[in-house]
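# Working through the structure, step by step
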Amino acid sequence: MYKLLALNIDGTLLKTNGKLEKKTKEAIEFVKKKDVYITLMTSRNFLSAKKVAKALKLDSYLVTFQGALIAKSLDEKLHESVIPAQKTFDIVHVLEHFNCNVRLLHERYSIGNRKKIKNNMVAKTILGDPFFYPAQFVDSLSDVLRDDPIDVMKIDVFYSDEEERDDIVETIEQAFPELAVTISEGKIELFQKGVSKQNGLIRLGNELGISLKEMVVIGDQIDDMPAIEAAGLGVAMGNAPNEVKAVADWVTRSNEQLGVAYMIKEHFRKQHRPQFLRQIRTIEKK
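Not measured: the values here are computed from a predicted model. (Residues numbered from 1 in each chain as written. Predicted model: local features only at pLDDT ≥ 70, side-chain atom pairs only at ≥ 80, totals over all residues. Heavy atoms only, no water.)

### Some details on the packing of aromatic side chains
Given two aromatic rings, their pairing is described by the distance between the two centres and the angle made by the two planes. Under the counting rule described, the total for this entry stands at 0 aromatic pairs. Above the face of the Tyr-61 ring, Lys-72 is positioned so that its terminal group lies 5.2 Å from the ring centre. (Phe/Tyr/Trp six-rings, centres within 6.5 Å; stacked < 30°, edge-to-face > 60°. Lys NZ or Arg CZ within 6 Å of the ring centre and 35° of its normal.)

### Remarks on a negative patch on the surface
Taken together, Asp-161, Glu-162, Glu-163, Asp-167, Glu-170 and Glu-173 make up a surface patch of like negative charges. Mapping Glu-162 onto the fold places it in helix α7 (residues 162–175). Given the relative accessible area of 53%, Glu-162 is considered exposed. (Patch = residues over 30% accessible without salt bridge, like charges linked within 9 Å, V, L, I, M, F, W, Y side chains within 5 Å. Areas by Shrake-Rupley, 256 points an atom, 1.4 Å probe, with all protein chains shown as cover. Salt bridge = Lys/Arg side-chain N within 4 Å of Asp/Glu carboxyl O. Lys, Arg positive; Asp, Glu negative; His and termini not counted. Charge placed at Lys NZ, Arg CZ, Asp CG, Glu CD. Helix = DSSP H or I, 4+ residues; strand = E, 2+ residues; numbered from the N terminus. Buried < 20%, exposed > 50% of the residue type's maximum accessible area, 1.4 Å probe, protein only.)

### Things to note about the packing of helix α2 (residues 22–32) against helix α11 (residues 259–267)
Put simply, α2 and α11 touch, their axes get as near as 8 Å, and they point 35° apart. Once α2 is placed against α11, the crossing between them reads as left-handed. Across from Lys-23, Thr-24, Ala-27, Ile-28, Phe-30 and Val-31 in α2, the residues of α11 making contact are Val-260, Ala-261 and Ile-264. Here the residues of the contact of α2 with α11 are counted per class, giving 7 nonpolar, 1 polar and 1 charged. (Axes fitted to C-alpha atoms, helices over the stretch in contact; angles between N-to-C directions. Left-handed = near helix turned anticlockwise from the far one by under 90°. Contact = heavy atoms within 4.5 Å. Nonpolar A, V, L, I, M, F, W, Y, C, P; charged D, E, K, R; others polar.)

### Description of the environment of Arg-165
On the secondary structure map, Arg-165 appears in helix α7. For Arg-165 and Lys-187, which are 22 residues apart along the polypeptide, the C-alpha to C-alpha distance reads 8.4 Å. Those residues within four positions of Arg-165 in sequence are excluded, and the remaining contacts are Tyr-159, Ile-183 and Ile-188.

### Some thoughts on the pattern of salt bridges
Side chains that differ in sign of charge can pair as their charged atoms come close. Summed over all chains, the structure comprises 17 salt bridges. Linking Glu-178 and Lys-87 is a salt bridge whose minimum nitrogen-to-oxygen distance equals 3.4 Å. Residue Glu-178 is found in the loop between α7 and β10 (179–184), and its partner Lys-87 is found in helix α4 (residues 85–95); the two are separated by 91 residues along the sequence. Here Glu-178 falls in the partly exposed class, since its relative accessible area comes to 31%. Across the pair Lys-154 and Asp-156 runs a salt bridge, and its minimum N-O distance is 3.2 Å. Asp-156 shares its class with Lys-154; the two are buried. Through salt bridges with shared partners, a single network forms among Lys-77, Glu-80, Glu-107 and Arg-108.

### Notes on the pairing of strand β9 (residues 154–158)
A regular strand places its side chains so that they alternate between the two faces of the sheet. Counting buried positions over the 5 residues of β9 gives 5, a clear majority of the element. Neither face of β9 is left uncovered, since the one carrying Lys-154, Asp-156 and Phe-158 and the one carrying Ile-155 and Val-157 both have all their residues buried. By the bridge criterion, 4 bridges tie β9 to strand β11 (residues 187–192) in an arrangement that is antiparallel. Note that in β11 the partner of Ile-155 across the bridge is Leu-190. (Pairing = 2+ DSSP bridges.)

Here it is in structure tokens:
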């Protein structure tokens with residue numbers, strides 16, 4: 001009996017072209033009718049995740065910025081963990097010594113430098129709808145922060161080669177041991193220590209009275225692994241790396257094959273609403 005379904009967005013809910021298919025929407029509606037709480041867990045900014053949630057007709061708390069912000073709206077937050085303005089400035093000052101693109105993600109907008117590097121991830125990264133999540137680019141981030149300091153949810157760093165990536169990570173970890181560092185292809189993400197999708201789900205579960213063992217978690221990324229492994233039912237997408245599949249209880253179809261809809265059809269059709277089960281138990285007792 002699972003009470004919460006947590007879904008990654010990119011590579012899980014959405015197809016590679018960013019499309020949310022009708023069958024996936026229908027599957028989410030099916031689960032909602034089972035009285036299962038549905039949330040999205042993503043490294044995306046909140047406003048971008050909220051657009052996806054709206055398309056799915058979800059009014060739940062969302063685990064965004066990798067777990068740094070859990071909220072229903074920017075005015076209704078359950079948890080936030082920011083990198084303070086002074087520390088943000090210090091980090092940027094260090095990163096500007098490397099040949100990398102730096103992107104600071106505030107809850108309402110992002111600021112990035114204009115440095116040009118060869119990195120396909122920069123082009124692929126969703127900068128957000130300018131109306132919902134404006135993206136600004138400047139020549140010198142440190143100059144901007146000196147005049148207008150800001151707290152940020154996370155910092156994205158796009159590197160050009162693995163040697164530079166290793167130098168950046170080593171430098172940041174030595175200079176800022178209080179930061180959490182995650183690495184994916186072409187990108188380094190920096191958060192306050194303790195920020196993760198898994199911890200975000202734990203915090204949300206504490207609010208709702210739901211344990212990790214009562215959750216179904218579906219994802220495809222390396223940063224989904226801890227949550228997939230700890231969940232009552234951890235599901236890896238067919239397009240996930242082998243190490244993600246290795247820790248999952250179930251491997252569904254790929255995002256191109258609508259693996260979320262397939263998994264929901266295969267599993268949740270067998271699960272009854274709690275109210276129905278209570279009625280059955282009452283009848284049996286009589």
